Amino acid sequence: MQKKPIPFHLEVNQGLAEAKGLIHIRKNSLVLEFEVKDVFGGFLKSDLNEIEIPYDEIESLIYKKGFWGAKIHIEGNSMRTFEDVPGSEQGRCTLKIKRKDRDQAQQSISSARVALSEHKLNKLGD
């Protein structure tokens, strides 16, 4: 289920920095690939980070379309799920999507939600 990656951004440190990256939808996980830059010229930049979040650790995955863009809300089963993702809080992460990427994001997240549901159903059968 390799879909085209979805560009996203996150506000970090009350808006003093921003994380920009891609979310990759995989068969058994989501992968967040991002770097963090300060908003004042981008002089301070982090290394490229990649975090894989297995479907076992995801409680819910919600897509919300807005007028200017969209948001992807991911809720983990634990606070540890997103401990390495900047801007996440209490086991939840909200990825902001630009307007031009909304349709692609909606299709990809719809596919990911189906995969997540199938994963949960398979776990019930084990």
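Bear in mind that the values here come from a model prediction, so they are computed numbers and not experimental data.

1. Some thoughts on unusual backbone geometry
- One non-glycine residue, glutamine 90, adopts positive backbone phi at about 55°.
- In this fold, glutamine 90 is placed in the loop between β6 (69-76) and β7 (92-98).
- Since its relative accessible area comes to 56%, glutamine 90 is described here as exposed.

2. Comments concerning the environment of glutamate 11
- Among the structural elements, glutamate 11 can be located in strand β1 (residues 6-12).
- Since its relative accessible area comes to 51%, glutamate 11 is described here as exposed.
- Here the alpha-carbon distance between glutamate 11 and valine 39, two residues 28 residues apart in the chain, equals 9.7 Å.
- Setting aside its immediate chain neighbours within four residues, glutamate 11 contacts Ala17, Gly87 and Lys96.

Definitions and limits used
Residues numbered from 1 in each chain as written. Predicted model: local features only at pLDDT ≥ 70, side-chain atom pairs only at ≥ 80, totals over all residues. Heavy atoms only, no water. Helix = DSSP H or I, 4+ residues; strand = E, 2+ residues; numbered from the N terminus. Buried < 20%, exposed > 50% of the residue type's maximum accessible area, 1.4 Å probe, protein only. Contact = heavy atoms within 4.5 Å.

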